[in-house]
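Listed here are the chains, written in short residue letters.
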Amino acid sequence: GRIAAQVSVSDLPRALQFYCDVLGFQKVFENGDPVGFVILEKEAAELHLNLDRQHRATHQNVAHLMVSDATALYDHLVAHGVRIVKGLRDADFGLRCFVLADPDGNRIDVGQDL
């Protein structure tokens, strides 16, 4: 089986610009008229975006993204003005990690095995 994180967003075009153009995901499915649900993929990662115009982010992480080079992604995001919630660090639990916020303030924890 598999499981994919579902992230609520208040502005779907803005979210797609961020997740596709900045994070490098590809849209593989959309549903609704107007579109209110989208599936994104990047390598083995899958993320579901759900339109909720009243959405307000919380202080909790909504997804965890494992990558092969956390430093390169961190530098890329900083160069694109993405808000970093927790800076890049090597944690005692065996990950190089950081937390970013999407345009809605949804927090995504990024990790790389050390």
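Placed above this text is the structure.
Residues numbered from 1 in each chain as written. Predicted model: local features only at pLDDT ≥ 70, side-chain atom pairs only at ≥ 80, totals over all residues. Heavy atoms only, no water.

**Digging into the side chain of glutamine 112**
Right, on to step 1. Structurally, the position occupied by glutamine 112 is in strand E8 (residues 107–113).
Right, on to step 2. A relative accessible area of 13% means that glutamine 112 is categorised as buried.
Right, on to step 3. Here the side chain of glutamine 112 touches alanine 70 through a polar contact of 2.8 Å, landing on its backbone nitrogen.
Right, on to step 4. What glutamine 112 contacts, discounting residues up to four positions off in sequence, is Met66, Val67, Ser68, Asp69, Ala70, Thr71, Gly94, Leu95 and Arg96. (Helix = DSSP H or I, 4+ residues; strand = E, 2+ residues; numbered from the N terminus. Buried < 20%, exposed > 50% of the residue type's maximum accessible area, 1.4 Å probe, protein only. Polar contact = N/O pair within 3.5 Å; in protein donor to acceptor, adjacent residues only side chain to side chain. Contact = heavy atoms within 4.5 Å.)

**Description of the packing of aromatic side chains**
Right, on to step 1. Taken as a whole and judged by the stated rule, the model has four aromatic pairs.
Right, on to step 2. Aromatic pair phenylalanine 18 and tyrosine 19: ring centres 5.0 Å apart, planes at 85°, arrangement edge-to-face.
Right, on to step 3. The class for tyrosine 19 is buried, based on a relative accessible area of 0%.
Right, on to step 4. Here phenylalanine 29 and phenylalanine 37 contribute two aromatic rings whose centre-to-centre distance is 6.3 Å and whose plane-to-plane angle is 65°, an arrangement assigned as edge-to-face.
Right, on to step 5. Its relative accessible area of 40% is what places phenylalanine 29 among the partly exposed residues.
Right, on to step 6. Taken together, the ring pairs in this structure connect Phe18, Tyr19 and Phe25 into an aromatic cluster. (Phe/Tyr/Trp six-rings, centres within 6.5 Å; stacked < 30°, edge-to-face > 60°.)

**Thoughts on the environment of aspartate 90**
Right, on to step 1. Counting through the fold element by element, aspartate 90 comes out in strand E6 (residues 83–90).
Right, on to step 2. Given a relative accessible area of 46%, aspartate 90 falls into the partly exposed group.
Right, on to step 3. Separated by 79 residues in sequence, aspartate 90 and aspartate 11 place their C-alpha atoms 33 Å apart.
Right, on to step 4. Apart from the residues within four sequence positions on either side, aspartate 90 is in contact with Leu95, Arg96 and Leu114.

**Topic: the pairing of strand E2 (residues 26–32)**
Right, on to step 1. Bridge count for E2 against strand E3 (residues 35–42) is six bridges, and the pairing is antiparallel. Opposite phenylalanine 29, over in E3, you have isoleucine 39 as the bridge partner.
Right, on to step 2. Linking E2 to E3, which pair antiparallel, is a turn of two residues. (Pairing = 2+ DSSP bridges.)

**As for the side chain of serine 10**
Right, on to step 1. Along the chain, serine 10 falls in the loop between strand E1 (5–9) and helix H1 (12–22).
Right, on to step 2. Engagement of the side chain of serine 10 in a polar contact is seen with the side chain of arginine 14, the distance being 3.3 Å.
Right, on to step 3. In terms of polar contacts, serine 10 uses its side chain to reach the side chain of aspartate 104, at 2.5 Å.
Right, on to step 4. Once residues within four sequence positions are removed from consideration, serine 10 is found in contact with Leu51, Asp52, Arg53, His55 and Asp104.

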